[in-house]
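# Examining the three-dimensional arrangement
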Amino acid sequence: MAESTKELTEQGAKVTTTVAGSSATAAAPAEPGGTTDHGDVLRRLASLEAWQKQASLGQQGTPPDRREEQRIATEKLERYTGSPIAAFQPWVIITNFNDYIPIFAREFGGGAEPTKGSTWVCAHSPERGVSIINYNMGSPNAAIVVDVLSRIPEKFELVLFAGMVGGLPSYGTYDRALQVGDLFVPVAAVRAEAVSDFYLDPKVPAVPDCDLQSAVLAEVQRAGKSCWRGIVFTMNIRFWEFDEPFKAKIQASSADAIDMETATIFTAARRHGLKVAALHLVSDEPFEAPKDKAMAKHIFEELAPNHIRIAVQVLAACGAELRTSPHPDVQAYMRRHAAVAPTSPHPS
């Protein structure tokens, strides 16, 4: 740390104290007749000690409260997933579907089995620099995974939410409504789930990180895939298909899709300064017919594997692209986060 001096200059005696190579000089005011107020000297020394402690923390890096926060977050991640922190990669796919984890492990895990902790399941691909976590379903669980990852900034750079959404009736944005099998990149989310209110004022929109979202759209196009962009309505109940007043509220929002987590993830990530975007799969059209067992089977057997392949390819390419971004703010962000590059930054 460069030498720095905190100097209090007034009439009277001077008291100098040094910490970590930096000196600080306090001046005790002289009382009439040339006597020194020693009580004031002690008070100034106490103030200097507080400053020195702060300067020392700056030299060491993360203050104790942040270090403790990071320690607890790391322990939670290891406990929830059953995986040591060292196994995690800088780019993370989060999902709310357990079937996605074995697909990822088979195709990208290099023979390693997924790990299960107290509540989550995860798998890793060191070759791609990507990990995947199934945090289960619902906004509170989605908030927890963002809370944990964002508090370990030296480890995690980028997060891609690969979930499923229901396509809503067209509001006029496109010539047709979203259909089963479409890829969907949300540019914003309606905050109707309440959990996001804990992170930001309700008037603040839920949006993805613009740098990562732009990179996701570019990489999807580069991969030769088509995707739809629009607004997702995030709510906190699952069995709503027969609630006509609620369906009218959804339609009035002008949203293109519906889910239970996107708004929470975007809002929590923005609050914590974590770059997050989403690449969703349209799994059903709930205004046409509620998702049943046969439809779910079709989705997970026929469509989910390709969704995961695209998500891994896109996230790895986005990570490599943003690490070489010419934008100063992106450079500063990436420097603050993980520094170890994956062995294959441009997977095929």
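Going by the structure above, here's the rest.
Residues numbered from 1 in each chain as written. Predicted model: local features only at pLDDT ≥ 70, side-chain atom pairs only at ≥ 80, totals over all residues. Heavy atoms only, no water.

### Quick notes on the pattern of salt bridges
What counts is decided by this rule: Only one rule defines a salt bridge in this text: a Lys or Arg side-chain nitrogen within 4 Å of an Asp or Glu carboxyl oxygen. Throughout this description, buried means an accessible area under 20% of the type-specific maximum (1.4 Å probe, protein chains only), exposed means over 50%, and partly exposed covers the range between.
A complete count under the given rule lists 14 salt bridges for this structure. Residues aspartate 201 and lysine 203 are paired through a salt bridge, measuring 3.0 Å at the closest nitrogen-oxygen approach. Judged by its relative accessible area of 38%, aspartate 201 is partly exposed. The class for lysine 203 is exposed, based on a relative accessible area of 72%. Residues joined in a network through salt bridges with shared partners are Arg66, Glu69, Asp147 and Arg151.

### Points about the sheet that holds strand S14 (residues 280–284)
So the rule is basically this: One requirement defines pairing of two strands: DSSP has to find at least two bridges between them. Only DSSP runs of H or I reaching four residues or more are called helices, and only runs of E reaching two or more are called strands; each is numbered from the N terminus. A fitted line through C-alpha atoms serves as each axis, taken over the contacting stretch for helices, and the angle formed by two N-to-C directions is quoted from 0 to 180°.
If you walk around this closed barrel you meet the five strands as S9-S12-S11-S10-S14, and the pairing is mixed. Neighbour to neighbour, the strand axes of the sheet diverge by 50 degrees on average, direction disregarded. Note: strand S9 (residues 164–167) against strand S12 (residues 257–259), two bridges, orientation antiparallel. By the bridge assignment for S12, glycine 166 is matched with isoleucine 258.

### Re the nonpolar core
In plain terms, the rule: Throughout, nonpolar core names a set of buried Ala, Val, Leu, Ile, Met, Phe, Trp, Tyr and Cys residues whose side chains join them through atoms within 4.5 Å. Should any heavy atoms of two residues lie within 4.5 Å, those residues are considered in contact.
Membership of the largest hydrophobic core comes to 80 residues, with the highest contact counts inside it found for Leu77, Ile94, Tyr100, Ile133, Leu149, Val216 and Ile265. Examining the composition of this core, we find that 12 residues originate from one element, helix H8 (residues 293–323), more than from any other. With residues up to four places along the chain from it excluded, the contact list for tyrosine 100 reads Thr95, Ile132, Ala162, Met164, Leu281, Phe300, Ala304, His307 and Ile308. Listed in part, the 10 residues of the second largest apolar core include Phe233, Trp240, Phe246 and Ala255.

### Some thoughts on the environment of valine 185
Here valine 185 shows up in strand S10 (residues 183–192). Sequence-wise, valine 185 and tryptophan 228 are 43 residues apart; in three dimensions their C-alpha atoms are separated by 6.1 Å. For valine 185, the contacting residues outside a window of four places in its chain are Gln213, Val216, Leu217, Cys227, Trp228, Arg229, Gly230, Ala278 and Leu279.

### Quick look at the packing of aromatic side chains
Where two aromatic rings form a pair, the distance of their centres and the angle of their planes describe that pair. Formally: In this scheme Phe, Tyr and Trp rings, the latter by its six-membered ring, pair at centre separations within 6.5 Å, and the angle between planes marks the pair as stacked below 30 degrees, edge-to-face above 60, and tilted otherwise. Remark: a charge is flagged as sitting over a ring if the NZ atom of Lys or the CZ atom of Arg is within 6 Å of the ring centre and within 35 degrees of the ring normal.
Following the criterion strictly, the structure yields 12 aromatic pairs and no others. With 6.2 Å between their ring centres and 55 degrees between their planes, tyrosine 135 and phenylalanine 161 make a pair best called tilted. With tyrosine 135 in the loop between strand S7 (130–134) and helix H4 (139–150) and phenylalanine 161 in strand S8 (residues 158–161), this pair connects stretches of sequence that are 26 residues apart. A single burial state applies to tyrosine 135 and to phenylalanine 161, both of which are buried. Ring centres of phenylalanine 233 and phenylalanine 246 lie 6.2 Å apart, and the angle between their planes is 80 degrees; this geometry places the pair in the edge-to-face category. Placement of the pair is phenylalanine 233 in strand S11 (residues 228–235) and phenylalanine 246 in helix H6 (residues 244–252), with a sequence separation of 13 residues. Taking relative accessible area as the criterion, phenylalanine 233 reaches 2% and is therefore assigned buried. In textbook terms, an aromatic cluster arises when at least three aromatic residues are bridged by ring pairs, as seen for Phe233, Trp240, Phe246 and Phe287. The ring of phenylalanine 287 has lysine 247 lying over it, and the distance from NZ or CZ to the ring centre is 5.1 Å.

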